[in-house]
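Below are the chains, spelled out letter by letter.
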Amino acid sequence: MSEKLPFQYEEKPASLLISRRTFLKITGVLTSVLAIGAYTVTDFVKKRNKYIKMRQKGLYKDDLRCQRNNLPASHLNPTVEKFYRDFAEHPLSETAHHLLHTHHYYVRGKLNMKGERHG
Amino acid sequence: MGVQKIATFSPSEKTFTGGGTFLPGEVKGIIRINPNKCVGCDTCRHHCPAGAIKGSLGVTHHIEEDLCLSCGQCLVNCPFGAIEQMSFLDEVLSRLKDPDYTVVAIIAPAVRVALAEEFGAPPGTLTVHRMHAAFKKAGFRIYENNLAADQTIMEEGYEFIAKVKYWLLGDKTPELEKFAEHPLPHFTSCCPAWIRYAELYWPDILPHISGAKSPQQMAGATVKTWVALRLWNIDPRKIYTVGIMPCTAKIYEASRPEFKSAFYWLKEKGHLPEDTPPFPDVDAVLTTRDAAELFRCLNINPLNVSPEKETDITEVYTGGATIFGNSGGVTEAALRTAYCVLSGQEPSSWNIEAVRGHTTGVRTAKLAIPLKPLGGKKANFHICVVNGVKNHLEPILEDVVIGKSPFHFIEVMNCPGGCINGGGQPVNPMGTSWIDPLLPLPLKA
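Here the structure is a predicted model, which is why all the values come from computation and not from measurement.

The rules behind each value
Residues numbered from 1 in each chain as written. Chains lettered and ligands numbered in written order. Predicted model: local features only at pLDDT ≥ 70, side-chain atom pairs only at ≥ 80, totals over all residues. Heavy atoms only, no water. Core = buried A, V, L, I, M, F, W, Y, C linked by side-chain atoms within 4.5 Å. Buried < 20%, exposed > 50% of the residue type's maximum accessible area, 1.4 Å probe, protein only. Helix = DSSP H or I, 4+ residues; strand = E, 2+ residues; numbered from the N terminus. Contact = heavy atoms within 4.5 Å. Domains from an automatic or database assignment. Buried area = accessible area lost by both parts, 1.4 Å probe. Salt bridge = Lys/Arg side-chain N within 4 Å of Asp/Glu carboxyl O. Polar contact = N/O pair within 3.5 Å; in protein donor to acceptor, adjacent residues only side chain to side chain. Nonpolar A, V, L, I, M, F, W, Y, C, P; charged D, E, K, R; others polar. Pairing = 2+ DSSP bridges.

Chemist: Is there a simple way to think about the nonpolar core in this case?
Modeler: Across soluble globular proteins, you tend to see nonpolar side chains buried next to one another. Residue and element names in this part refer to chain B. Counting 113 residues, the largest nonpolar core has Phe135 and Trp194 as the members making the most contacts within it. Ranked by residue count, the leading element in this core is helix α7 (residues 215-231), at seven residues. The contact partners of Phe135, leaving out residues within four places of it in the chain, are Ala105, Ile107, Phe140, Ile142, Ile244, Ala291 and Phe295. In terms of nonpolar packing, the next biggest core, distinct from the first, is built from 27 residues, Ala149, Ile161, Ile369 and Leu371 among them.

Set out below in structure tokens:
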């Protein structure tokens with residue numbers, strides 16, 4: 001075609017701005033960013049783990065109740081005092097050693113070696 | 001908002017056979033995935049601290065028993081209720097009906113802020129006297145696990161103080177010599193899933209872990225000795241101890257073969273006939289969910305019973321004990337007592353906010369405690385609280401193994417938030433125990 005017509009449409013070369021594949025890559029990444037972002041935003045709104053904080057608050061409330069009853073720390077527990085006075089003498093005593101301490105931590109990987117499969 | 005119903009199953013013959021990483025007699029396979037219900041959403045695998053769950057997106061998952069800690073984090077986070085728990089409820093119910101036996105409930109701190117959820121109350125509703133009354137109505141006698149937690153602090157706290165004397169103050173007297181094998185940092189030993197995690201994956205850490213038993217095991221051993229012989233005057237063989245726990249790993253802990261110390265002690269002191277077969281310190285463990293099911297079976301609603309007025313001697317506990325159920329609670333309780341013992345005076349405030357884990361993965365704090373033996377000279381203690389084994393613990397253990405850990409005292413709780421978010425707790429259908437900010441799941445290749 002030697003003569004340029006006024007209505008002639010010339011297609012831009014595809015690779016000039018962005019190729020089809022690049023377009024797919026960018027939209028793919030954008031979609032995942034948006035999806036993860038949306039989940040995160042709902043995470044802040046919904047506070048899915050708030051039940052953890054609510055239960056913790058309950059125990060600290062119980063702690064304050066005990067503190068008001070003059071029972072803030074373990075060594076002030078009258079039953080514990082009686083336990084040591086009448087029975088176990090003192091912490092880390094012979095009786096405590098037998099009843100309140102363990103002497104068995106196993107290297108479980110080694111147990112596994114003896115079993116049916118190697119860990 | 002209701003709670004999710006979690007299916008349970010009874011133990012089978014295979015449960016106690018041992019093998020693999022289990023000793024004979026230990027309960028294995030406490031947590032199992034129902035393959036018919038699993039849709040392969042992969043949530044459980046991202047919550048498992050031990051990498052014990054096999055499978056990938058879209059594939060039915062299964063648990064490798066030998067690697068499993070029985071912590072139940074997969075169970076409480078499964079969006080489809082496809083994970084089931086082994087339950088000893090039938091055994092406990094039949095013992096309650098047997099007039100020969102005294103059934104003793106050992107009630108963990110975290111149960112009192114979660115039990116009410118099963119009966120329609122919001123999370124965190126505190127029931128102490130109502131809960132005690134309900135257990136008594138069901139036929140139990142009570143030994144507070146919180147009381148045993150106070151005993152734990154006495155034993156573990158004094159153990160920590162002895163380690164400080166030996167390793168930091170250079171006190172090498174013969175009675176402290178046994179601590180030469182147990183260097184600092186001192187790790188807590190209350191969490192059975194953490195103990196199993198260390199035993200399976202980090203055996204180098206074992207000498208650092210406290211030798212004090214967990215409160216549940218202390219309670220069992222104390223009930224069958226001191227309480228049976230001196231307080232209640234009953235035959236220890238006719239006592240059936242039941243741990244009421246927020247935890248599925250406690251079921252496994254109670255079955256560990258070494259925890260028969262009351263039996264061996266009684267035998268040595270001549271309180272038992274020669275032919276008595278060995279019995280465990282804790283006979284059975286019910287999770288919070290199991291306890292709620294027990295109340296439903298017996299038509300008791302703990303929210304409607306009239307609270308008991310008097311506190312028995314075996315129900316007295318302190319604030320330090322009750323916060324055991326929160327991440328950072330063991331540390332705070334130990335520090336309250338250690339402060340008093342080391343300094344000879346009471347702290348200005350009992351609340352040590354700096355070590356409270358809340359929903360932070362790792363809390364570190366530096367505390368100055370005046371030391372009486374050094375004339376009130378202050379010493380700095382470096383404290384670390386690990387809130388959830390998954391994603392938080394490994395760098396800290398690596399530092400300990402290469403000897404570069406800056407800490408003196410490290411608390412480890414397997415479950416994010418502490419026992420209050422344990423694998424035996426009521427399950428909130430919309431909840432997640434993922435506490436790390438931003439990404440709900442880590443991006444891994």
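There is more to say, and it comes next.
Chemist: Got a minute to help me understand the domain arrangement of chain B in this structure?
Modeler: Interfaces are often described in size by the accessible area the parts lose on coming together. Residues and elements named next belong to chain B. The domains assigned to chain B are domain 1 (8-86), domain 2 (89-147 + 214-315) and domain 3 (156-211 + 319-421). For domain 2 and domain 3, the distance between their C-alpha centres works out to 28 Å. Taken together, the contacts link 14 residues of domain 2 with 13 residues of domain 3. Together domain 2 and domain 3 conceal approximately 990 Å² of surface at their shared face, both sides included; 64% is due to carbon and sulfur atoms. Area buried by domain 2 at its contact with domain 3 is led by Pro109, Asn146 and Tyr252, which between them contribute 35% of it. Inspection of the region where domain 2 meets domain 3 yields one salt bridge. The interface formed by domain 2 and domain 3 holds three residue pairs in polar contact (both at pLDDT 80 or more) in total. Of the residues that constitute the side of domain 2 that touches domain 3, the class distribution is eight nonpolar, two polar and four charged.

Chemist: What's the story with the sheet that holds strand β12 (residues 377-387) of chain B in this structure? I'm lost.
Modeler: Paired through their backbone hydrogen bonds, the strands of a sheet run either parallel or antiparallel. Residue and element names in this part refer to chain B. Ordered by their spatial adjacency, four strands build an open sheet running β8-β13-β12-β11, and the pairing between neighbours is mixed. Edge positions in the sheet fall to β8 (186-187) and β11 (362-371), since each has one partner strand and no second. Both β11 and β12 contribute to a ladder of 10 bridges, which runs antiparallel. Note that in β12 the partner of Leu367 across the bridge is Phe381.

Chemist: So what exactly am I meant to see when it comes to the pattern of salt bridges here?
Modeler: Two side chains of opposite charge can pair, provided their charged atoms sit close to one another. Residue and element names in this part refer to chain B. One pass over the structure, following the stated rule, counts 25 salt bridges over all chains. A salt bridge links Arg112 to Glu144; the shortest N-O distance between them is 2.8 Å. Of this pair, Arg112 sits in the loop between β6 (102-107) and α4 (129-137) while Glu144 sits in strand β7 (residues 141-144), and the two are 32 residues apart along the sequence. One exposure class covers both Arg112 and Glu144, and it is buried.

Chemist: Please clarify how the interface of chain B and chain A should be interpreted in this entry.
Modeler: Across the contact, 92 residues belong to chain B and 57 residues belong to chain A. Summed over both partners, the interface of chain B with chain A buries about 6600 Å², with 62% contributed by carbon and sulfur atoms. Considering only the side of chain B, the residues that lose the most area to chain A are Glu155(B), Trp226(B) and Trp265(B), jointly responsible for 10% of the buried surface there. In this assembly, chain B and chain A are joined by five salt bridges. The residue Arg336(B) makes a salt bridge to Asp63(A) at a minimum N-O spacing of 2.9 Å.

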